[in-house]
Amino acid sequence: MICPGCSCLCDDIQIKNGRIFHACRRGEEIFSRYGENRARALVDGREVDVDTAIEKAVEILKDAENPAIYGLDTTVMEVQEIAVDVAEKLNGYIDDNSSFCLGELVEAVLKGDVPTTTLDEVRDNAYVIVYWGANPFHSLPRHMSRYSYYPRGAKRPRGYEEDRYLVVVDVRRSETAKLAKKNAKYIQVDNDEELVESFMRVVDGKAAKYAKEAGVIINEMKKADFNVILGGLGLKYGLRDLNRFVELVRKLNEVAKVYFIPAGFHANMRGFNETLFERTGAVNKYSFRDGKSDKEFAFTELLRNDRVDAALIVGTDPVYSLPYEISAKLGKIKTVVVDPRMSFTARVADVVIPSAVSGIEMSGTMVRSDGVRIKLEAMEEREINDLYIFRKIREGL
Ligand code: SF4
């Protein structure tokens with residue numbers, strides 16, 4: 001089985017006699033508890049059959065002047081494609097969590113602004129491994145053991161003891177930073193931009209605030225023909241201008257071979273980014289009415305500025321995850337929730353359409369954080385799933 005718990009999409013999960021093998025704690029929970037807290041089909045709090053809930057959803061979307069679709073990071077690409085069709089038909093907005101997560105970093109990769117690679121290549125070849133603003137201990141529990149620091153690779157047979165050099169950049173000594181001991185460096189930053197500038201200056205032979213640290217790391221990078229930076233949320237939020245980081249990766253490539261992979265997000269966030277990118281050239285916060293992507297079309301901004309009158313929310317829980325003053329605005333508009341679980345948002349929605357857990361009860365394609373497309377086979381295929389629901393919505397429009 002493949003675990004749909006995070007963007008590692010681990011492909012070695014085994015289930016024997018009800019016991020789950022190889023999954024981390026988060027993955028184990030997904031496989032053992034997916035039957036709990038299931039959503040029911042509801043219209044205005046009344047229990048109905050699924051097709052009635054879908055019909056009501058279609059009615060709401062048709063009547064809306066400014067509808068938005070939001071979420072989709074945990075469903076499969078086959079559904080994401082139809083969701084983009086629906087947004088286009090509605091002439092509405094479409095966005096996912098990546099607009100405040102790692103969307104910009106994925107966009108830089110998709111546009112070819114930074115050299116990238118796969119996690120399989122990292123496992124086999126990477127010498128210097130930089131986790132910048134990422135704490136895989138929490139966000140990607142098996143990232144280090146399956147793909148980066150710990151495995152013995154084809155060209156790194158002695159593994160982390162001798163064949164890897166770990167760098168952790170973070171604002172605090174995270175669990176991952178605590179691993180940076182032998183053949184390793186932890187850089188505590190209070191300003192990521194200064195570290196970016198330091199690396200740039202050291203490549204040019206100039207003095208800089210973090211010259212010592214940057215110098216050591218660049219020298220290590222020069223020893224190998226394969227190094228990688230894995231960038232997480234801390235990197236995104238530590239930089240006002242992502243372009244400067246893009247320039248840094250290019251600059252480092254003047255003296256060593258350095259790749260970049262975004263690290264740490266929902267199972268198929270990158271699938272959403274790639275699906276929308278292939279259709280529109282943008283990875284998120286897209287308005288079909290305006291024919292472009294912009295900060296003002298991020299779902300949080302649309303809500304904050306009262307610019308939507310209906311929302312179709314798929315597999316995400318903004319009432320739980322967004323600040324109250326923003327999520328409270330959902331109470332003023334029509335909301336349709338498509339989710340296998342009775343989320344907090346489902347409890348306040350006008351319409352709830354219960355679906356299947358992607359990857360466990362619905363087969364389909366997801367994209368790993370490095371861009372590798374993975375086919376997930378359901379354990380038990382459910383007839384009513386996101387694909388069924390979205391096909392019906394598209395037909396209804
Ligand atoms: S690391 Fe992610 S994909 Fe792998 S088992 Fe854990 S939750 Fe599942």
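The structure this text deals with has already been given above.
Summarised in this report is the structure supplied together with it.

Thresholds applied
Residues numbered from 1 in each chain as written. Predicted model: local features only at pLDDT ≥ 70, side-chain atom pairs only at ≥ 80, totals over all residues. Heavy atoms only, no water. Core = buried A, V, L, I, M, F, W, Y, C linked by side-chain atoms within 4.5 Å. Buried < 20%, exposed > 50% of the residue type's maximum accessible area, 1.4 Å probe, protein only. Helix = DSSP H or I, 4+ residues; strand = E, 2+ residues; numbered from the N terminus. Contact = heavy atoms within 4.5 Å. Polar contact = N/O pair within 3.5 Å; in protein donor to acceptor, adjacent residues only side chain to side chain. 1 Å grid on protein atoms, 1.4 Å probe; cavity = no way out; pocket = protein on both sides within 12 Å on 5 of 7 lines; lining within 4 Å. Points joined across faces, edges and corners; volume = space filled by probe spheres on them. Nonpolar A, V, L, I, M, F, W, Y, C, P; charged D, E, K, R; others polar. Domains from an automatic or database assignment. Pairing = 2+ DSSP bridges. Right-handed = clockwise from strand over helix to strand, strands pointing away. Axes fitted to C-alpha atoms, helices over the stretch in contact; angles between N-to-C directions.

Describing the nonpolar core
Grouped together as the largest cluster of nonpolar side chains are 47 residues, with contacts concentrated most on Leu72, Ile94, Leu312, Ile353 and Phe390. Where this core is concerned, the elements lending two or more residues are helix H2 (50–63), helix H3 (77–90), helix H13 (269–280), strand S14 (310–314), strand S15 (334–339), strand S16 (351–354), strand S18 (373–376) and helix H18 (386–396). Excluding anything up to four places from it in sequence, Ile94 contacts Ile69, Leu72, Ala83, Val84, Ala87, Phe272, Leu276, Asn284, Lys285, Tyr286 and Phe288. Of all hydrophobic cores here, the second largest spans 42 residues; its members include Val106, Tyr165, Leu195 and Val258.

A look at the environment of Asp350
Following the sequence through the fold, Asp350 ends up in the loop between helix H17 (344–348) and S16. The spatial distance from the C-alpha of Asp350 to the C-alpha of Arg46 is 9.7 Å, given a sequence separation of 304 residues. The residues contacting Asp350, other than those within four sequence positions of it, are Leu42, Val43, Asp44, Ile60, Ile333, Lys334 and Thr335. A polar side-chain atom of Asp350 sits 2.8 Å from the main-chain amide nitrogen of Thr335.

Focus on the layout of surface pockets
The volume enclosed by the largest pocket comes to roughly 1100 Å³. In terms of lining residues, the largest pocket is bounded by 33 residues, among which Ile30, Thr74, Gly315, Asp339 and Arg341 are the most central. For the lining of the largest pocket, the secondary-structure elements that each account for two or more residues are helix H1 (25–33), helix H15 (318–321) and S15. Among the residues making up the lining of the largest pocket, the classes are represented as twelve nonpolar, twelve polar and nine charged. Considered as a void within the structure, the second largest pocket measures approximately 580 Å³ in volume. Of all elements in the fold, only helix H4 (103–110), helix H11 (233–238), helix H12 (242–252) and helix H14 (299–304) reach the threshold of two or more residues within the lining of the second largest pocket. Residues of the lining of the second largest pocket, tallied by class, amount to eight nonpolar, five polar and eleven charged. Residue assignment places the lining of the second largest pocket across two domains, with domain 1 (38–100 + 267–396) and domain 2 (103–262) each supplying three or more.

A closer look at the pairing of strand S5 (residues 67–71)
Within S5, five of the five residues are buried, which leaves it mostly tucked inside the rest of the structure. Where S5 lies against S14, five bridges are found, and the strand directions are parallel. The partner of Gly71 across the bridge, within S14, is Val314. Two strands pair when backbone bridges link them, and S5 and strand S6 (residues 93–95) are joined in this way by three bridges, in the parallel orientation. By the bridge assignment for S6, Ala68 is matched with Tyr93. Taken together, S5, H3 and S6 constitute a β-α-β crossover, and its handedness is right-handed.

Things to note about the environment of Gly331
Its location among the elements puts Gly331 in the loop between helix H16 (324–327) and S15. Residues Gly331 and Arg201, 130 residues apart in the sequence, show an inter-C-alpha distance of 51 Å.

Quick word on the sheet that holds strand S8 (residues 165–170)
Pairing is parallel across the open sheet formed by five strands, whose spatial order is S9-S8-S7-S10-S11. Edge positions in the open sheet fall to strand S9 (184–188) and strand S11 (258–262), since each of these has one partner strand only. Strand after strand, the sheet turns through a mean of 15° between neighbouring axes, direction not considered. Set on the sheet, H12 makes contact with strand S7 (128–132), strand S10 (227–231) and S11; between it and S11 the angle comes to about 150°.

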